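Here are the chains, one letter per residue:
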Amino acid sequence: MAFTSKTLGLARAAITAAGRAVDAVIRTLTAAWVRAWDALTAPFTTALDALLAGREDWPGRRTIETDPALQQALGDAAAALDTLAELTATEATRAASAATERAAADQAAIIDSQLPPGRATMTPRPGGFHQRAIDAINTRAQQRIISLTRPLSRDADAAMRRELVRGVQVGRNPRDSARRMVKQVEGAFNGGLTRASTIARTETISAYREAAAAIQDASRDVLAGWTWLAELSDRTCIACWSRHGTDHPLTEPGPQGHVNCRCSRAPRAMSWRDLGIDLDEPEDDIPNAEAAFWALPRATQLRIMGAARLELFDRGAVAWEDFAQLRDNPGWRPSWNVTPIKDLVSR
Ligand SMILES: [Zn+2]
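Owing to the predicted nature of the structure, the values given are computational and were not obtained by experimental measurement.

## Regarding the environment of Asp285
You can see Asp285 is positioned in the loop between strand S3 (264-269) and helix H7 (289-294). The exposure class assigned to Asp285 is partly exposed, which follows from its relative accessible area of 37%. Put simply, Asp285 and Ile111 are 174 residues apart on the chain and 15 Å apart in space, counted from C-alpha to C-alpha. Those residues within four positions of Asp285 in sequence are excluded, and the remaining contacts are Phe3, Thr4, Ser5 and Leu8. A polar contact is formed between the side chain of Asp285 and the backbone nitrogen of Ser5, at a distance of 3.3 Å.

The structure is reproduced here in structure tokens:
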């Protein structure tokens, strides 16, 4: 296999581009959430000021649930959340389908870069052999996005109502108490944004990975498998660091990273000799993650791993591979997560 620095550069550029597309969607969603809340601050503040005027304690559930101004504000918030959930579905679906289109061209270039000179077999052909697989991936992504965004508005609405019933300590100045409650309600409203961002990120990256797998499968006559590539940075969790560089058969889906994981599956070509070319090929150029980790400044190592793990690792009590653990997730796929410290200690 000739996974050269050019191959690595192409693989990195591909995942960076997918990540940028996700970031753009999240910026759009964040701006929409901020605008929506801006319009809701005044109604909530007015309603809560009126409700708390002259009171020394937080009103009971019944009062909260029957106050017309507050209920009106909640109704407006629920309507805004419905619109935001729809926007999330539209934006995430668009990003996912742009990602699958990109994957076709990206994978072709990454595979070509590993083949002997003159052996480039893949040319991206939009509408070609892979189109049916890509269409099916887009349809599945859209269905998943719709079912994931559906409960978003109802759950955020319920969280806002819970905050209002739970209340805050009413101090000497009821207006302060009202302000504090508006902040709590805003937090619950923005819980929807956190979830929307996770849906957009995870589903776009999943669609990209599935499309990459489909293209890789179509090139299986020249591929030996795929390699897990993580971005070796301080934004990457230690589980992904430790999975980086592992080799997998083409039939294995993945990389099965945790929620919000940005890792990629890089196609790995057969050796040139296996491809029937009697030529020495360039060295493999995938960076060794463990060596790269040790080369980092101590402060960065600490940030990535935490003090307890670093201490165990320093004295050789755990191996590099121990930092990732495959976990079953009911309702989702199994995923590799950071191994809890208690599980490392008991090894
Ligand atoms: Zn990852």
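## Overview of the UniProt feature "domain: Phage head morphogenesis" (unreviewed entry) in the protein chain
In this numbering, the UniProt entry assigns the feature "domain: Phage head morphogenesis" (unreviewed entry) to residues 160-264. End C-alpha to end C-alpha, residues 160-264 measures 37 Å, and it is 55% helix and 10% strand.

## Some details on the domain arrangement of the protein chain
By the assigned domains, the protein chain splits into domain 1 (5-219) and domain 2 (223-347). Centre-to-centre, using C-alpha coordinates, domain 1 lies 27 Å away from domain 2. Listed per partner, the contact involves 23 residues of domain 1 and 25 residues of domain 2. Between domain 1 and domain 2, the buried area comes to about 2100 Å², and carbon and sulfur atoms account for 58% of it. The largest per-residue losses of area from domain 1 upon contact with domain 2 belong to Gln114, Arg209 and Gln216, which jointly make up 29% of the total buried on that side.

## Here we look at the pattern of salt bridges
In a structure, side chains of opposite charge can pair up when their charged atoms sit close to one another. Counted by the stated rule, this structure contains 24 salt bridges. A salt bridge links Asp49 to Arg179, with the shortest nitrogen-to-oxygen separation between them at 3.3 Å. Linking Asp49 in helix H1 (residues 5-52) with Arg179 in helix H5 (residues 174-218), this pair joins segments that are 130 residues apart in sequence. Overall, the relative accessible area of 16% leaves Asp49 in the buried class.

## A closer look at the side chain of Thr45
Inspection of the secondary structure puts Thr45 in helix H1. One polar contact links the side chain of Thr45 to the main-chain carbonyl oxygen of Thr41, over a distance of 2.6 Å. Apart from residues lying up to four places away in sequence, Thr45 is in contact with Arg179 and Val182.

## So, unusual backbone geometry
Looking along the chain, the bond that leaves Gly254 and enters Pro255 is cis, with omega of 10 degrees. Topologically, Pro255 is positioned in the loop between strand S2 (247-248) and S3.

## Some remarks on the confidence of the model for the protein chain
Here the protein chain averages 91 in pLDDT, while 97% of its residues score no lower than 70. Across the protein chain, element-level confidence peaks in helix H6 (residues 238-243) with a mean pLDDT of 97 and bottoms out in helix H10 (residues 341-345) with 91.

## So, the packing of aromatic side chains
This model, assessed by the stated rule, comprises 10 aromatic pairs. Note on Phe293 and Trp320: the rings are 5.6 Å apart at their centroids and 50 degrees apart in plane angle, and the pair reads as tilted. Placement of the pair is Phe293 in helix H7 and Trp320 in the loop between helix H9 (307-314) and strand S4 (324-327), with a sequence separation of 27 residues. Owing to a relative accessible area of 0%, Phe293 belongs among the buried residues under this scheme. We classify Trp320 as buried; its relative accessible area is 6%. Put simply, the rings of Trp241, Phe293, Trp294, Phe313, Trp320 and Phe323 touch in pairs and so form one group of aromatic residues. In this arrangement the basic side chain of Arg243 is found over the ring face of Trp336, its NZ or CZ atom lying 3.6 Å from the centre.

## What to know about the packing of helix H8 (residues 298-305) against H9
One can describe the packing of H8 onto H9 by two numbers: an axis separation of 7 Å at closest approach and a directional angle of 110 degrees. As the angle between them shows, H8 and H9 are arranged roughly perpendicular. Crossing hand, H8 versus H9: right-handed. Where H8 abuts H9, its residues Arg298, Gln301, Leu302 and Met305 lie against Ala307, Arg309, Leu310, Phe313 and Asp314.

## Topic: the sheet that holds S2
As summarised here, the arrangement of the 3 strands in space is S2-S1-S3, forming an open sheet in which the pairing is antiparallel. Only two strands of the sheet have a single neighbouring strand rather than two, namely S2 and S3. Note that strand S1 (residues 223-229) and S3 share 6 bridges and pair antiparallel. The residue of S3 that forms the bridge with Leu229 is Ser264. Packing of H5 onto the sheet brings it into contact with S1 and S3, and relative to S3 it is tilted by some 10 degrees.

## Brief notes about the environment of Leu70
Looking at the secondary structure, you find Leu70 in helix H3 (residues 68-112). Judged by relative accessible area, which is 0%, Leu70 ranks as buried. Counting along the chain gives 17 residues from Leu70 to Leu87, while the straight-line C-alpha distance between them is 26 Å. What Leu70 contacts, discounting residues up to four positions off in sequence, is Phe44, Ala47, Leu48, Leu51, Ile64 and Leu164.

Conventions we followed
- Residues numbered from 1 in each chain as written.
- Predicted model: local features only at pLDDT ≥ 70, side-chain atom pairs only at ≥ 80, totals over all residues.
- Heavy atoms only, no water.
- Helix = DSSP H or I, 4+ residues; strand = E, 2+ residues; numbered from the N terminus.
- Buried < 20%, exposed > 50% of the residue type's maximum accessible area, 1.4 Å probe, protein only.
- Contact = heavy atoms within 4.5 Å.
- Polar contact = N/O pair within 3.5 Å; in protein donor to acceptor, adjacent residues only side chain to side chain.
- UniProt positions renumbered as here; feature names shortened; annotations may be inferred.
- Domains from an automatic or database assignment.
- Buried area = accessible area lost by both parts, 1.4 Å probe.
- Salt bridge = Lys/Arg side-chain N within 4 Å of Asp/Glu carboxyl O.
- pLDDT = per-residue confidence, 0-100.
- Phe/Tyr/Trp six-rings, centres within 6.5 Å; stacked < 30°, edge-to-face > 60°.
- Lys NZ or Arg CZ within 6 Å of the ring centre and 35° of its normal.
- Axes fitted to C-alpha atoms, helices over the stretch in contact; angles between N-to-C directions.
- Parallel < 35°, antiparallel > 145°, perpendicular 65-115°, else oblique.
- Left-handed = near helix turned anticlockwise from the far one by under 90°.
- Pairing = 2+ DSSP bridges.

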